[in-house]
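# Fold and geometry: a report
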Amino acid sequence: MLYSIRMRAAEGGPHEQGGHHISGAERLVTKEELEQISSELVHRALTHSKGCADFIRITIDAIPDEAIHRIPCLTIADEQTDGHIGEVPTTNHEATTPPLPLSSHQQAEALLTTHTAITPVAFRRAVSQLVSLPESMRGAMLVDMRTGQRLDPWGQRGVRVSRMSFADETAAITALNAAGYSGVHLEEALVLASKVLSAPGVVGELCISDDPDYTTGYVSYGSTYHRLHHMKPVGSPLGGRLFFVDATADIAAIKNYLETTVTLVNPPTFSLQ
Ligand code: PML
Ligand code: MG
Ligand code: MG
Ligand code: MG
């Protein structure tokens, strides 16, 4: 039997009473792991770079075995391994002109618009909506891959991807470390991004962290996850996620799948170079 453990933390009261979002995280764990993971999540809420939480909610639910859905992990294709973008010496998110290298946002646009049906117009409109919000959303915005128009009606909350973990976290972290990757941001983002692309109708994602000291983000599409550095200025608390969807997709079904389907992600695999 597995348990879903979820933490959300805010400063200035609960989120629903206007508190400022500090941190959220979750895992699917065994009964034996619950106490240890609860304490790690509380520690995180109290020591976060966004501030010190005065509201922390931990929710624990048992999950029946038959409800669990298994999916593959996306393949990491970052600048060290990704042949089609080669070395990506981005130093900034602001647009550049040749012969300067592309900025992180231009790289993101090139990847998503070359490999999916997301249009440049949609990409730019969606990113400008995301970066002009006064405060980061707690969840993601669903946007039309052809127009960039926001499709979900869920305001500052958006769609919150939940109930997911690596199937074997130790094996996953060992595989990541052996390939030269580390850190809880990447581990959690890879799980989340794998679940997002497994949703019917979602064709791509862009993520900018909302942690002021973490400027690496990613785009994902198909079965690949592309890390991009310098997605925002150091110190900015603004970030968020865009899920690009086909306009004919069922928005309520995507939300329901991403928020409630209990999903275990297989460990990542790396091909030998
Ligand atoms: C977040 O802060 O929730 C987003 C983290 C993005 C991680 C990107 C990476 O390091 O690959
Ligand atoms: Mg971890
Ligand atoms: Mg999909
Ligand atoms: Mg964060």
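Here is what the cut-offs are and how they apply
Residues numbered from 1 in each chain as written. Chains lettered and ligands numbered in written order. Predicted model: local features only at pLDDT ≥ 70, side-chain atom pairs only at ≥ 80, totals over all residues. Heavy atoms only, no water. Donors = N, O, S within 2.8 Å, 3.2 Å for Na, K, Ca; no water. Buried < 20%, exposed > 50% of the residue type's maximum accessible area, 1.4 Å probe, protein only. pLDDT = per-residue confidence, 0-100. Contact = heavy atoms within 4.5 Å. Patch = residues over 30% accessible without salt bridge, like charges linked within 9 Å, V, L, I, M, F, W, Y side chains within 5 Å. Areas by Shrake-Rupley, 256 points an atom, 1.4 Å probe, with all protein chains shown as cover. Salt bridge = Lys/Arg side-chain N within 4 Å of Asp/Glu carboxyl O. Helix = DSSP H or I, 4+ residues; strand = E, 2+ residues; numbered from the N terminus. Polar contact = N/O pair within 3.5 Å; in protein donor to acceptor, adjacent residues only side chain to side chain. Near = heavy atom within 4 Å. Nonpolar A, V, L, I, M, F, W, Y, C, P; charged D, E, K, R; others polar. Domains from an automatic or database assignment. Buried area = accessible area lost by both parts, 1.4 Å probe. Core = buried A, V, L, I, M, F, W, Y, C linked by side-chain atoms within 4.5 Å.

## Thoughts on the coordination of the magnesium ion (ligand 4)
Coordination of the magnesium ion (ligand 4) by the protein is provided by D210 (OD) and D211 (OD), with metal-donor distances spanning 2.2 to 2.3 Å. With respect to class, D210 is no different from D211; both count as buried.

## Here's the deal with the confidence of the model for the protein chain
In the predicted model, the protein chain carries a mean pLDDT of 91, and 93% of its residues have values of at least 70. Predicted confidence for residues 80-89 stays below pLDDT 50, and this span has 17 contacts to residues more than four positions away or in other chains.

## Description of the coordination of the magnesium ion (ligand 3)
Note on the magnesium ion (ligand 3): its protein donors are L197 (O), A199 (O) and V202 (O). The metal-donor distances range over 2.5 to 2.7 Å. Each donor residue of the magnesium ion (ligand 3) belongs to the same chain, with the gaps between them written as L-x1-A-x2-V. This pair shows no difference in class: A199 is buried, exactly as V202 is.

## Here we look at a nonpolar patch on the surface
The grouping of V42, L46 and I56 at the surface amounts to a nonpolar patch, some 200 Å² of accessible area in total. Residue placement: V42 occurs in helix α1 (residues 34-46).

## With respect to the side chain of T113
Looking at where T113 falls in the secondary structure, it is placed in helix α2 (residues 104-115). Within polar-contact distance, the side chain of T113 engages the backbone oxygen of E109 at 2.7 Å. Non-local contacts of T113, meaning those with residues more than four positions away in its chain, are made with I118, T119, P120 and F123.

## Points about the site of ligand 1
With respect to spatial proximity, the complete set of residues near ligand 1 consists of H185, L186, A189, C207, S209, Y214, T216, Y218, Y225, R227 and R241. A distance of 2.6 Å separates an oxygen atom of ligand 1 from a polar side-chain atom of S209. For the shell around ligand 1, the secondary structure elements donating two or more residues are α5 (184-197) and β10 (224-228). Counting residues per element, the shell around ligand 1 draws most heavily on α5, which supplies three residues. Its residues assigned to classes, the shell around ligand 1 comprises six nonpolar, three polar and two charged.

## A look at the pattern of salt bridges
Summed over the entire model, instances satisfying the criterion amount to 12 salt bridges. The partner of E16 in a salt bridge is R8, and the shortest N-O contact between them spans 3.0 Å. Accessibility expressed as a relative area gives 52% for E16, which makes it exposed. Taking the relative accessible area as the measure of exposure, R8 reaches 18% and is therefore buried. D152 serves as the salt-bridge partner of R150, at 2.7 Å between the closest nitrogen and oxygen. A relative accessible area of 6% places D152 in the buried class. Where salt bridges share partners, they join R27, R44, E169 and E188 into one cluster.

## With respect to the domain arrangement of the protein chain
Partitioning the protein chain into structural domains gives domain 1 (2-67) and domain 2 (70-265). Opposite the 18 residues of domain 1 that make contact, domain 2 presents 18 residues. At the boundary of domain 1 with domain 2, total buried surface from both sides reaches about 1,600 Å², with 47% on carbon and sulfur atoms. Where domain 1 touches domain 2, the interface holds five salt bridges. Here R27 ties to E188 by a salt bridge, and the two come within 3.1 Å at their closest N and O atoms. Where domain 1 touches domain 2, the interface holds 11 residue pairs in polar contact (both at pLDDT 80 or more). Of all the secondary structure elements, the ones that give two or more residues to the side of domain 1 that touches domain 2 are β1 (2-11), β2 (20-29) and β3 (55-63).

## A word on the nonpolar core
As a rule of thumb, soluble globular proteins bury nonpolar side chains together. Counting residues in hydrophobic clusters, the biggest one holds 34 residues, and the most contacted among them are L190, V202, Y225, F243 and L258. At the level of elements, β7 (164-166), α4 (169-178), α5, β8 (202-208), β11 (240-245) and α6 (251-260) are the ones that each hand at least two residues to this core. When sequence neighbours within four positions are dropped, the list of residues in contact with F243 reads A140, M141, L142, V143, V161, V196, V202, G204, E205 and L258. Of all hydrophobic cores here, the second largest spans 22 residues; its members include A108, L112, I118 and V143.

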